[in-house]
Amino acid sequence: MFWGLEWHWWLVILAVLAIIIPFKVRFMKWWSRREREKKKERYGKWGDEE
């Protein structure tokens, strides 16, 4: 078949991707929120100084 893999290996690969991709998206959203909060915390303590 495609790239020499049997059809059941493609099902396994698709299942793994279906599980991993949503977790990666959630991690990236969490990471950007965390970085934003760290930046706000660093600059927001004493007013609007940058």
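First, a word on scope: everything that follows refers to the structure included in this document. Values in this document were obtained by computation on a predicted structure and should not be read as measured data.

**With respect to the overall build of the protein chain**
- Summing up its helical and strand segments, the protein chain has one helix and zero strands in all.
- When the 50 residues of the protein chain are sorted by exposure, 0% land in the buried category.
- As presented, the protein chain carries roughly 5,300 Å² of accessible surface, and 66% of it is formed by carbon and sulfur atoms.

**Points about the pattern of salt bridges**
- In the structure shown here, the tally under the stated rule is one salt bridge.
- Where Arg34 meets Glu35, a salt bridge forms, and the shortest distance between an N and an O atom there is 3.5 Å.
- What makes Arg34 partly exposed here is its relative accessible area of 29%.
- Looking at Glu35, the relative accessible area reads 33%, which means it is partly exposed.

**With respect to the packing of aromatic side chains**
- Considering all chains together, one arrives at three aromatic pairs under this definition.
- Through a chain of ring-to-ring contacts, three or more aromatic side chains come together here, namely Phe27, Trp30 and Trp31.
- The positively charged end of Arg34 is found above the aromatic ring belonging to Trp31, 4.7 Å away from the centroid.

**Topic: a positive patch on the surface**
- Residues Lys29, Arg33, Arg36 and Lys40 make up a contiguous surface patch of positive charge.
- Tracing the backbone shows Lys40 in helix H1 (residues 7-44).

The rules behind each value
Residues numbered from 1 in each chain as written. Predicted model: local features only at pLDDT ≥ 70, side-chain atom pairs only at ≥ 80, totals over all residues. Heavy atoms only, no water. Helix = DSSP H or I, 4+ residues; strand = E, 2+ residues; numbered from the N terminus. Buried < 20%, exposed > 50% of the residue type's maximum accessible area, 1.4 Å probe, protein only. Areas by Shrake-Rupley, 256 points an atom, 1.4 Å probe, with all protein chains shown as cover. Salt bridge = Lys/Arg side-chain N within 4 Å of Asp/Glu carboxyl O. Phe/Tyr/Trp six-rings, centres within 6.5 Å; stacked < 30°, edge-to-face > 60°. Lys NZ or Arg CZ within 6 Å of the ring centre and 35° of its normal. Patch = residues over 30% accessible without salt bridge, like charges linked within 9 Å, V, L, I, M, F, W, Y side chains within 5 Å. Lys, Arg positive; Asp, Glu negative; His and termini not counted. Charge placed at Lys NZ, Arg CZ, Asp CG, Glu CD.

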